[in-house]
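Next come the chains, spelled out residue by residue.
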Amino acid sequence: MRYWLLKSEPDVFSFEMLCARGCEPWNGVRNYQARNFLRAMRQGDLALFYHSNTSPSGVAGLARIVREAYPDDLQFDPQSPYYDPKSAGGEPRWSMVDIAPVQALPRFVPLDELRRLPELADCAVINRGNRLSVLPVTFAEWEAVLQAGGLDPARLGEPVEVA
DNA sequence: GCCAACGTTGGC
DNA sequence: GCCAACGTTGGC
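As the structure is a prediction and not an experimental result, all values here were calculated from the model.

DNA strand C sits among Lys 7, Tyr 50, Ser 52, Asn 53, Ser 57, Leu 111, Arg 115, Arg 128, Asn 130 and Arg 131. Counting only the atoms of DNA strand C within 4 Å of the protein, the fraction contributed by sugar and phosphate is 66%. A distance of 2.8 Å separates a phosphate oxygen of DNA strand C from a polar atom in the side chain of Tyr 50. In this structure, a base nitrogen belonging to DNA strand C sits 2.9 Å away from a side-chain N or O atom of Arg 131. Of the residues in the surface near DNA strand C, the class split is two nonpolar, four polar and four charged.

Right, let's get into the protein's contact with DNA strand B. Around DNA strand B, the neighbouring residues are Asn 31, Tyr 32, Gly 129 and Arg 131. For DNA strand B, the backbone makes up 62% of the atoms found within 4 Å of the protein, where backbone means sugar plus phosphate. Here the residues of the surface near DNA strand B are counted per class, giving one nonpolar, two polar and one charged.

Now for the side chain of Ser 95. The topology assignment puts Ser 95 in strand S5 (residues 95-110). Among the polar contacts listed, one links the side chain of Ser 95 to the side chain of Arg 39, at a separation of 2.8 Å. For Ser 95, the residues in contact, after removing those within four places along its chain, are Trp 26, Arg 35, Leu 38, Arg 39, Ala 69, Tyr 70, Pro 71 and Asp 72.

Here we take up the nonpolar core. Formed by 44 residues in total, the largest nonpolar core has its most connected members in Trp 26, Leu 48, Ile 99, Leu 114 and Val 134. Leu 48 has contacts with Trp 4, Leu 5, Leu 6, Val 59, Gly 61, Leu 62, Val 137, Trp 142, Val 145 and Leu 146, leaving out every residue within four places of it along the chain.

Turning our eyes to something else, we now look at the packing of aromatic side chains. Scanning the model with the defined rule gives eight aromatic pairs in all. Between Tyr 3 and Trp 142 the ring centres are 4.7 Å apart and the planes differ by 35°, which places this aromatic pair in the tilted class. Highlighted residues: Tyr 3 in strand S1 (residues 3-8) and Trp 142 in helix H4 (residues 139-148), separated in sequence by 139 residues. Considered together, Tyr 3 and Trp 142 belong to a single accessibility category, that of buried residues. Arranged with centres 6.3 Å apart and planes meeting at 75°, the rings of Phe 13 and Trp 26 form a pair that is edge-to-face. With Phe 13 in the loop between S1 and helix H1 (15-21) and Trp 26 in strand S2 (residues 24-26), the pair connects residues that are 13 residues apart, well separated along the chain. Residues Phe 13 and Trp 26 agree in their burial class; the two are buried. Taken together, Phe 13, Phe 15, Trp 26 and Phe 49 form an aromatic cluster joined through their ring pairs. A cation over an aromatic ring shows up here: Arg 67 above the ring of Tyr 70, its NZ or CZ 3.4 Å from the ring centre.

Calculation notes
Residues numbered from 1 in each chain as written. Chains lettered and ligands numbered in written order. Predicted model: local features only at pLDDT ≥ 70, side-chain atom pairs only at ≥ 80, totals over all residues. Heavy atoms only, no water. Near = heavy atom within 4 Å. Polar contact = N/O pair within 3.5 Å; in protein donor to acceptor, adjacent residues only side chain to side chain. Nonpolar A, V, L, I, M, F, W, Y, C, P; charged D, E, K, R; others polar. Helix = DSSP H or I, 4+ residues; strand = E, 2+ residues; numbered from the N terminus. Contact = heavy atoms within 4.5 Å. Core = buried A, V, L, I, M, F, W, Y, C linked by side-chain atoms within 4.5 Å. Buried < 20%, exposed > 50% of the residue type's maximum accessible area, 1.4 Å probe, protein only. Phe/Tyr/Trp six-rings, centres within 6.5 Å; stacked < 30°, edge-to-face > 60°. Lys NZ or Arg CZ within 6 Å of the ring centre and 35° of its normal.

By themselves, these figures tell us nothing about what the structure is for.
Rendered as structure tokens:
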């Protein structure tokens, strides 16, 4: 089991939209390092869903990898902004995975709070200028974010009790 | 909306 | 293969 962080601009695709869809291909990644991380994902891996370029930015919820990397179809579509003419005919160079929502964090964890978590001192997401949209997080980082968000990592997946 | 940081492109 | 120019990301 590995843990990841996925960035998305909520105006484009938010965690709430993922919850409404149920399952979604994570496509349009056009950075080689991020693509390699997508290819390293395994079914059942968990991810922090991070809202970027918004106010405030931060972790909104949790998602699960439900299908491992397969060719991103947008790279073949000349109408798509993610079209890549270099992929036509040859080996597809861009991949996507499918993700599904696990649950929203009871408390949204904004970036300034992430920065104050000692466990996240080495996590790239807290650094200004970091542009990687898919990145691995350690279990310690994962745990710290869940706790900050009001979840007990050990109880993840159990039904949320309604008061 | 500004601009720093960073990745990519392309001239040489 | 260097590196300046450019485009994009994303915090502020």
